[in-house]
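Residue-level listing of the chains:
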Amino acid sequence: MPRVATVRYSAPSTDTKCPWGPANAFQARLLCTWLTSMKIELLDISKRYGDVIANDDVTVSISSGEIRGLLGENGAGKTTLMRVLSGYTRADAGVVRLNGVERRLHSPADAIRAGVGMLHQDPMDVPQLSVLDNFCLGQDASLVRRQRRAGEKLVELCDRFGFGLAPRALVGSLTVGERQQLELVRLLALGVSTIILDEPTTGISAPQKTLLFAALRRLAADGLSVVFVSHKLDEVQALCDRVTVLRRGRNVGELAVPFDHDLLVELMFGQALQPSCKPTCDTSEGGLRVQGLTVQDHRLSLENINLDVRCGEVIGLAGLEGSGQHLLMQALAGLAPLRAGHIQVAGHDLARQPYNVFRRHGIALVPAARLEEGMIPGLDIREHFALSHRQGRGLMVDWRLATQRANEQIAQFNIVGSAQTRVDKLSGGNQQRVLLSLLADDLRLLMLEHPTRGLDVGSSQWIWSNLLARRECGTVLMFTSTDLDELVQYSDRILVFSGGKVSAPLDAASVTVQELGNLIGGRGL
């Protein structure tokens, strides 16, 4: 029989068994979780990665039943601090106290047993398994054997929060938001009383965000502690009770909600930020011509796409994930074979040419999956420059030149790290800066998938100032984004994708966010 959960209430010396019997141990664990309160204290936490200081003597205290926002620019140490609390990372110094008791959390399993679970920005599930199989991961072996009972509990939890997860569906077929819902109910079933969410609204739809926020408010009302790591000030304002701000690895202040927006931005960045705007740029003919392009993958087909783009023009691609934007960019980068049509760049027809020919003609794609597709985990910044910039035709690598180039780009792109810093140890914002620093200067077509996804407002402004500067050299910019305001603000024209259909180019200056949302939903396309 499964072991009956032991619950710690706010008084650290009180250990009380749940009143339900062993036959209902699973339900007992779940219900006891919602009756449990937990005070979290992170005291003097410090953590280094080489010469990069991620956390510098950070102290934070979070009460039970509280939704605490954790804010800071990219690289401020938010994720590292939460990885310490959730057992994924060991601090170099400092103490974690839960309900007044010092805990040594050497692994995520230790943290879950102590009542702390974390939802990561990228779901940590097994796409090849079903929803139910993933739900059972980490559960008691006896419960895993009782698939029917586990399925009933999964449905009960999903019904409680309005999640529409099919137990037998493969996780690989779910959206990011649905995979996030699965991870949330799985952690609740494991008995956690503190939920950490790292940038949870990145890449999910508006209805999924509404469901998530409602679930978090309900959990907090039931006494759970919630830590909401984000860079989106409006979401923190709408959801959280208090916010803690980190800057350069240190706790620089806490504010109650509602907060003063300008004060919070100054705490995050050390200064007020000037509103960004897109500078004007003269455009000329001959940038990109797409004629009769037809391309398909295993899910959808884009047919007879025609587009003329001027040098220096910015084209935004709007639509729900999986509507064809990624497929079009793959085709324009030479990574997806054409069934028909032509792609002309500066007068050269590149249709059906290999990928290296597209690269030689100045075409580059910055993928949304920075580590999985754009860089190589385990290699440092210097090694990426050695791979991306050939120094001569010999087999030997000129490490001196690679190091020099890396140091120059680190300074120019304000990357927090050194030439020897592994790219997988960088924050999302610094990874994006590394990707941009690796690009050639004389590109004709630069395509970017979600260039500011998961980035704070300061990093987003910096990214766009860097991208827009390329227009002066005639570079065509094309980007996808789920942020409709970003599409309207930075695009000259917008293509809307819906189920493989593509709209005629829309003038970004004359379209509203609401009109764009209606088109994305299929109305009027």
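Values in this document were obtained by computation on a predicted structure and should not be read as measured data.

Scanning the protein for helices and strands turns up 19 helices and 23 strands. Long-range pairs, those at least 24 residues apart, make up 66% of the contacts in the protein with a sequence separation of at least 6.

The next subject is the side chain of asparagine 430. Along the polypeptide, asparagine 430 turns up in helix α16 (residues 428-437). A distance of 2.9 Å separates the side chain of asparagine 430 from the backbone nitrogen of valine 416, its partner in a polar contact. Aside from chain neighbours lying at most four places away, what touches asparagine 430 is Asn74, Gly75, Asn414, Ile415 and Val416.

Attention shifts here to empty space enclosed by the protein. Considering all chains together, one arrives at two cavities of 30 Å³ or more under this definition. Reported here for the second largest cavity is a volume of approximately 40 Å³. Along the walls of the second largest cavity sit Leu42, Val60, Ile62, Arg68, Leu70, Leu81, Met82, Val227 and Thr244, which together make up its complete lining. Along the lines of polarity and charge, the residues of the lining of the second largest cavity split into seven nonpolar, one polar and one charged.

This brings us to the packing of α16 against helix α17 (residues 457-469). Put simply, α16 and α17 touch, their axes get as near as 11 Å, and they point 10 degrees apart. It follows that α16 is roughly parallel to α17 by the angle criterion. Along the contact surface, α16 presents Gln432, Arg433 and Leu436, while α17 presents Ser459, Trp462, Ile463, Asn466 and Leu467. Class assignment for the residues of the contact of α16 with α17 results in four nonpolar, three polar and one charged.

Another point: the sheet that holds strand β11 (residues 242-247). One open sheet accounts for six strands, arranged β8-β9-β10-β5-β11-β12; its pairing is mixed. Edge positions in the sheet fall to β8 (116-119) and β12 (250-256), since each has one partner strand and no second. Shown here is a sheet whose adjacent strand axes are inclined to one another by a mean of 20 degrees, direction ignored. As paired strands, strand β5 (residues 67-71) and strand β10 (residues 225-229) are joined by four bridges and run parallel to one another. The residue of β10 that forms the bridge with isoleucine 67 is valine 226. Helix α2 (residues 78-85) contacts β5, β8, β9 (194-198), β10 and β11 of the sheet and is inclined by roughly 135 degrees relative to β5.

Summed over the entire model, instances satisfying the criterion amount to five aromatic pairs. Centroid distance phenylalanine 213 to phenylalanine 228: 5.7 Å. Interplanar angle 85 degrees. Geometry classified as edge-to-face. Within this pair, whereas phenylalanine 213 is found in helix α8 (residues 206-221), its partner phenylalanine 228 is found in strand β10, the two being separated by 15 residues in sequence. Side by side, phenylalanine 213 and phenylalanine 228 carry an identical accessibility label, which is buried. Their ring planes at 5 degrees and their centres at 4.3 Å tell us that tryptophan 464 and tyrosine 490 sit as a pair that is stacked. In this pair, tryptophan 464 is assigned in helix α17 and tyrosine 490 in helix α18 (residues 484-490), connecting sequence segments 26 residues apart. The buried category is assigned to tyrosine 490, whose relative accessible area is 5%. Pairwise contacts between aromatic rings join Trp464, Phe479 and Tyr490 into one cluster. Sitting over the ring of tyrosine 49, lysine 47 keeps its end group 5.4 Å from the ring centre. For the cation-ring pair, arginine 433 lies above tryptophan 462, with the distance from its terminal atom to the ring centre recorded as 4.4 Å.

About the thresholds
- Residues numbered from 1 in each chain as written.
- Predicted model: local features only at pLDDT ≥ 70, side-chain atom pairs only at ≥ 80, totals over all residues.
- Heavy atoms only, no water.
- Helix = DSSP H or I, 4+ residues; strand = E, 2+ residues; numbered from the N terminus.
- Contact = heavy atoms within 4.5 Å.
- Polar contact = N/O pair within 3.5 Å; in protein donor to acceptor, adjacent residues only side chain to side chain.
- 1 Å grid on protein atoms, 1.4 Å probe; cavity = no way out; pocket = protein on both sides within 12 Å on 5 of 7 lines; lining within 4 Å.
- Points joined across faces, edges and corners; volume = space filled by probe spheres on them.
- Nonpolar A, V, L, I, M, F, W, Y, C, P; charged D, E, K, R; others polar.
- Axes fitted to C-alpha atoms, helices over the stretch in contact; angles between N-to-C directions.
- Parallel < 35°, antiparallel > 145°, perpendicular 65-115°, else oblique.
- Pairing = 2+ DSSP bridges.
- Phe/Tyr/Trp six-rings, centres within 6.5 Å; stacked < 30°, edge-to-face > 60°.
- Buried < 20%, exposed > 50% of the residue type's maximum accessible area, 1.4 Å probe, protein only.
- Lys NZ or Arg CZ within 6 Å of the ring centre and 35° of its normal.

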